[in-house]
Amino acid sequence: MDLLNIFRRPKPQTRVEAVAHEIRKHSRALIEIDEQSRAFYRQDIGRWRRAHEAAADVENPRRADLYNVYADVVLNTQVEGCMRQIETAVMQRRFYIRSEKTAKELPEKTSIISCPWFRDLMHHALDAEAWGNSLVELGNVVEMRGRRTIDSVHLIPREHVVPEYGLVLKDINDDLSMGIDYRNNPRLNRFLIDINADEPLGFLLKVAPEAISIKNMSGFWDSFGELFGIPVRWATTTSTDDSDKATIMSALRQMGAAAFGLFPEGTEIKFLETQRGDAFQVFDQRIARAQTNISKAILNQTMTIDDGSSLSQSETHLDIFNRVVHSRMAMIASMVNWQLLPKLQEMGLPFTDDDEFVWDEAVSYTPEQQLQIEQMILANYEVDPAYFKEKYNIEITGVKQQAAGLFATAELKKKSPAIAELDRMYGQR
């Protein structure tokens, strides 16, 4: 099987040209695999337990059945909401490349990874915490929007990956001896980003029983509503004529809003209300408990996605959530610095060993906080008007003469240091 398609041209004289030719020949399918449609079954705890045992087998680990369970679990809205809450918090953070020696940002190198493919890579990296691993293949080096970067990244189907041994199987049923060693093959590994979670099988292993319970209990609740939620239509008649009975049956079957009917003499129609009122306690409370457990497993708390009871508790839970987010950010930074940047450098992109990926940890302020800070700065320091021109996109040329006297009033100066500063800066011009 031809694993690589990158060394067929004669190498040019220079290393940079050689790498460029290799990259141009590098195609998406580094590894030929036979992808299969994912099997969806009605999941239960027994299936989850058997799949867990197969995945945890030391000698012959197989994750395909477990990933079929996971594929059903991530359709749960609570699981999806928790996972995407972390992803959204991470994705909105600014990042940049800087020199490790000078700690100065390198905008031209930041632009190389400020592309859609890098967001896809972060998405796969964050999902690795859920699924247990993500093996991502880097695309081709291209010229795009005036910069040299890569065009895309692709996730190797997880069912074919055996991270315990660093193997990829062409067919998920192949023996491990037929697997392709992607970690110890330099030509293959140079295009792959291997992301493994702290928990080998991901946190979806823990939330799967809760998600399965939610799905089953929701189905049971629907059945309960079908059986007991609608009053039973009950009819009695003294008629012995079969046509009369058929007429009554047809009327009951078609009965809807503003129903009426013409029945034989002696016919009585009743609507029997159900007396069972414990459905909420049985079904809704179990679903609510399962959702809370899912939030705890993924977010380590509940109140950033579920209802809270007090401001102090919500602040505590928000602090815990921020710690989870920073943990994911640290994981991505480690992946970029120790895997991605060296591989991009080897692929011919202008990165060096001195380059470092960092998150912008600058504090963000609310508009009210920003206004207070600006007033404090204006009251104590000389400020270049260009700051306000750039921030508010307003051309400041000075203070109007009729406004200068207004600014100069002692009362307004006392109330607003900013006005006093504006009066000092512009009022006497």
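Model, not experiment: these values are computed from the prediction. (Residues numbered from 1 in each chain as written. Predicted model: local features only at pLDDT ≥ 70, side-chain atom pairs only at ≥ 80, totals over all residues. Heavy atoms only, no water.)

**Side note on the sheet that holds strand S9 (residues 192–196)**
- Read from one edge of the open sheet, three strands run S5-S2-S9, paired in antiparallel fashion. What marks the edges here is a single partner per strand, and that holds for strand S5 (153–155) and S9. Sheet twist, expressed as the mean angle between neighbouring strand axes with direction ignored, is 25°.
- By the bridge criterion, three bridges tie strand S2 (residues 133–138) to S5 in an arrangement that is antiparallel. Residue pairing across strands places Leu138 opposite Val153, the latter belonging to S5.
- Packed onto the sheet, helix H6 (residues 116–131) meets S2, S5 and S9 and runs at close to 160° relative to S2. (Pairing = 2+ DSSP bridges. Helix = DSSP H or I, 4+ residues; strand = E, 2+ residues; numbered from the N terminus. Axes fitted to C-alpha atoms, helices over the stretch in contact; angles between N-to-C directions. Contact = heavy atoms within 4.5 Å.)

**What to know about the packing of aromatic side chains**
- If you walk through the whole model with that rule in mind, you get twelve aromatic pairs.
- Centroid distance Phe118 to Phe357: 5.8 Å. Interplanar angle 55°. Geometry classified as tilted. Highlighted residues: Phe118 in helix H6 and Phe357 in strand S12 (residues 355–359), separated in sequence by 239 residues.
- Looking at Phe357, the relative accessible area reads 1%, which means it is buried.
- An aromatic cluster of at least three residues, connected via ring pairs, comprises Phe95, Trp117, Phe118, Phe357 and Trp359. (Phe/Tyr/Trp six-rings, centres within 6.5 Å; stacked < 30°, edge-to-face > 60°. Buried < 20%, exposed > 50% of the residue type's maximum accessible area, 1.4 Å probe, protein only.)

**Some words on the confidence of the model for the protein chain**
- Scored by pLDDT, the protein chain has a mean of 81; 76% of the residues are at 70 or more.
- Element-level pLDDT for the protein chain is lowest in helix H1 (residues 15–25), with a mean of 47, against a maximum mean of 97 in S12.
- The low-confidence segment residues 1–13, where pLDDT is below 50, has 28 contacts with residues more than four positions distant or belonging to other chains.
- A low-confidence stretch, residues 19–29 stays under pLDDT 50, and its non-local contacts, those more than four residues away or across chains, total 30 contacts. (pLDDT = per-residue confidence, 0-100.)

**Observations regarding the pairing of strand S1 (residues 95–99)**
- Of all the five residues making up S1, four are buried; the element is thus mostly covered by neighbouring parts of the structure.
- In terms of strand pairing, S1 meets S12 through five bridges, oriented antiparallel. The residue bridging Ser99 from the neighbouring strand is Asp355, located in S12.

**Structural notes on the nonpolar core**
- Of all hydrophobic cores here, the largest spans 74 residues; its most connected members are Trp117, Phe118, Leu204, Ile298, Ile332 and Leu344.
- In terms of residue count, helix H11 (residues 311–346) provides more of this core than any other element does, twelve residues in total.
- Excluding residues that lie within four positions of it along the chain, Ile332 makes contacts with Val90, Met122, Ala125, Leu126 and Trp359. (Core = buried A, V, L, I, M, F, W, Y, C linked by side-chain atoms within 4.5 Å.)

**Here we look at the pattern of salt bridges**
- Following the criterion strictly, the structure yields 16 salt bridges and no others.
- Note that Arg84 is salt-bridged to Glu80, the shortest N-O span being 3.3 Å. Taken together, the residues span about one helical turn, with Arg84 and Glu80 both in helix H4 (residues 77–91) at a distance of four residues.
- Classification of Arg84 by relative accessible area gives partly exposed; the value is 22%.
- Across the pair Asp127 and Arg84 runs a salt bridge whose closest N-O atoms are separated by 3.4 Å. Taken together, the residues span a long stretch of sequence, with Asp127 in helix H6 and Arg84 in helix H4 at a distance of 43 residues.
- Asp127 gets classed as buried once you look at its relative accessible area, which sits at 8%.
- One salt-bridge network, in which partners are shared between bridges, spans Glu80, Arg84, Glu87 and Asp127. (Salt bridge = Lys/Arg side-chain N within 4 Å of Asp/Glu carboxyl O.)

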